Amino acid sequence: MIEVREATAADTMAVAEVHVRSWQQGYHGLIAQDYLDGLRAQDRATRYRFDSMDLAGPYTLVAVDHGMVHGHISIGRSRDDDLTDAGEVWALYVDPPHWGAGVGDALIATGCDRLRRAGYRRASLWVLADNLRARRFYERSGWRTDGVQRTDVIGATEVHEVRYATELGRQT
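Residues numbered from 1 in each chain as written. Predicted model: local features only at pLDDT ≥ 70, side-chain atom pairs only at ≥ 80, totals over all residues. Heavy atoms only, no water.

1. Concerning the overall build of the chain
A tally of helices and strands in the chain yields five helices and seven strands. Counted from the first residue to the last, the chain has its helices and strands arranged as β-α-α-α-β-β-β-α-β-α-β-β. A globule of 172 residues ought to have a C-alpha radius of gyration of about 16 Å, and the chain, at 15 Å, matches this closely. Projected onto its principal axes, the C-alpha coordinates of the chain cover approximately 45 × 35 × 30 Å. Split into buried and exposed, the 172 residues of the chain put 48% on the buried side. Sequence separation of at least 24 residues holds for 64% of the intrachain contacts in the chain that already meet a minimum separation of 6. About 9200 Å² of surface is accessible on the chain, with carbon and sulfur atoms providing 47% of the total. Side-chain charges in the chain split into 21 positive and 25 negative, and the spacing between the mean points of these groups amounts to 4 Å. (Helix = DSSP H or I, 4+ residues; strand = E, 2+ residues; numbered from the N terminus. Rg over C-alpha atoms; globule rule 2.2 N^0.38 Å. Buried < 20%, exposed > 50% of the residue type's maximum accessible area, 1.4 Å probe, protein only. Contact = heavy atoms within 4.5 Å. Areas by Shrake-Rupley, 256 points an atom, 1.4 Å probe, with all protein chains shown as cover. Lys, Arg positive; Asp, Glu negative; His and termini not counted. Charge placed at Lys NZ, Arg CZ, Asp CG, Glu CD.)

2. Things to note about the packing of aromatic side chains
In the structure shown here, the tally under the stated rule is seven aromatic pairs. Geometrically, the ring pair formed by Trp23 and Tyr93 is tilted, given 6.4 Å between the ring centres and 50° between the ring planes. In this pair, Trp23 sits in helix H1 (residues 12-26) while Tyr93 sits in strand E4 (residues 87-94), placing the two residues 70 residues apart along the sequence. Pair check on accessibility: Trp23 and Tyr93 agree, each one buried. Members of the aromatic cluster, each reached through a chain of ring pairs, are Trp23, Tyr27, Tyr35 and Tyr93. Between Arg79 and the ring centre of Trp90, over which it is positioned, the NZ or CZ distance is 4.2 Å. Above the plane of the ring of Trp126 lies Arg150, whose end atom (NZ or CZ) is 3.9 Å from the centre. (Phe/Tyr/Trp six-rings, centres within 6.5 Å; stacked < 30°, edge-to-face > 60°. Lys NZ or Arg CZ within 6 Å of the ring centre and 35° of its normal.)

Below, the structure is given as structure tokens:
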């Protein structure tokens, strides 16, 4: 049974390991392989501050089953200038052995609920345009592209991203 809860400092390395493994498998063929091969969980772990989170972001939730972290979602206020009144899914990663097992569904549902309860009526997220697996997941979850695109560089690879958005529903 998947439990979604706030990340704690004790989760730091497990979250970093999931993050790196999901990048290495999920972005294979989309980002330069030497960049992916060079990712290290120890480096990623130094970026997290789970002991001082707030809903402005990043606010991280983890999906745990039998004490093991299988995925995480980071949410917060939208970082896009044209969506200052919206929430944003900053990151969502599931450990590849658990893809398709409901971990992502539990994370996106809980993350969106937290954003809604924080007062946001809409949320957005960015995804690599060529990441068809992730795009299908978001579309099945009710997200739609809003026509906004951007180009970024990850390692030495230029990547194209598309923005998705969803309505979060009424406040309770």
